[in-house]
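# A structural walkthrough
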Amino acid sequence: QLQLVESGGGLVQPGGSLRLSCAASGFTLDYYVIGWFRQAPGKEREGVSCFSSSDGSTYYADSVKGRFTISRNNAKNTVYLQMNSLKPEDTAVYYCAAVDSLITTVQAMCARPDFGSWGQGTQVTVSS
């Protein structure tokens, strides 16, 4: 079984923080590129941040640089997205996906939001 389970979404005020989790089961993340993507109503899905466990490389969309951080907990086989200084423009459904690191890079994966094995998505709403 290969499964990604997402959690951590919710309602937060502008300037607040949330931490999203993407827990993998049925496989190890050691040889994968993991990506966080989001889709707002009426907009295309976009890559937010991607991380490769093979070489430690990361990618962040310009809109989230300096505010979001992607990381991995090896023992829990989980990838996190720490989101700080949240803005209303960050409101979206957030998804995670995994692709074998042999066939993609963080740059390529975050440019292909239709690629990979997906979690169920979690809603993030930033509003006062």
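The coordinates are above.
First things first, this report covers the structure right here in the doc. All of these numbers come straight from a predicted model, not from anything done at the bench.

## Some details on the overall build of the protein
The helix and strand inventory of the protein stands at one helix and eleven strands. Starting at the N terminus and ending at the C terminus, the protein contains elements arranged as β-β-β-β-β-β-β-β-β-α-β-β. For 128 residues, the compact-globule estimate of 2.2 N^0.38 gives 14 Å, and the protein sits close to it at 13 Å. For the protein, buried positions account for 45% of its 128 residues. For the protein, the share of sequence-separated contacts (at least 6 apart) that also reach a separation of at least 24 residues comes to 62%. Carbon and sulfur atoms make up 48% of the accessible area of the protein, which amounts to about 6,400 Å² in all. Across the protein, the centroid of the 10 positively charged side chains sits 5 Å from that of the 10 negatively charged ones.

## Here we look at the environment of proline 14
Residue placement: proline 14 occurs in the loop between strand E2 (10-12) and strand E3 (18-25). For the pair proline 14 and valine 126, spaced 112 residues apart in the sequence, the C-alpha separation amounts to 5.8 Å. If near-sequence neighbours (up to four positions away) are discounted, proline 14 is found in contact with Leu86, Pro88, Val126, Ser127 and Ser128.

## So, the pairing of strand E8 (residues 78-83)
E8 sits mainly inside the fold: five of its six residues count as buried. For E3 and E8, the ladder comprises six bridges, and the chain directions are antiparallel. In the sheet register, alanine 23 faces E8, and the bridge partner there is threonine 78. Of the strand pairs in this sheet, strand E7 (residues 68-73) and E8 are connected by six bridges, and their pairing is antiparallel. Bridging across to E8, serine 71 finds its partner in tyrosine 80. The antiparallel hairpin formed by E7 and E8 contains four residues in its connecting segment, where asparagine 77 sits at a positive phi of about 55°.

## Some points on the environment of serine 17
Relative to the assigned elements, serine 17 resides in the loop between E2 and E3. If sequence neighbours within four positions are ignored, serine 17 has contacts with Val12, Gln82, Met83, Asn84, Ser85 and Leu86. Of the polar contacts made by the side chain of serine 17, one reaches the side chain of asparagine 84; its length is 2.9 Å.

Conventions we followed
- Residues numbered from 1 in each chain as written.
- Predicted model: local features only at pLDDT ≥ 70, side-chain atom pairs only at ≥ 80, totals over all residues.
- Heavy atoms only, no water.
- Helix = DSSP H or I, 4+ residues; strand = E, 2+ residues; numbered from the N terminus.
- Rg over C-alpha atoms; globule rule 2.2 N^0.38 Å.
- Buried < 20%, exposed > 50% of the residue type's maximum accessible area, 1.4 Å probe, protein only.
- Contact = heavy atoms within 4.5 Å.
- Areas by Shrake-Rupley, 256 points an atom, 1.4 Å probe, with all protein chains shown as cover.
- Lys, Arg positive; Asp, Glu negative; His and termini not counted.
- Charge placed at Lys NZ, Arg CZ, Asp CG, Glu CD.
- Pairing = 2+ DSSP bridges.
- Polar contact = N/O pair within 3.5 Å; in protein donor to acceptor, adjacent residues only side chain to side chain.

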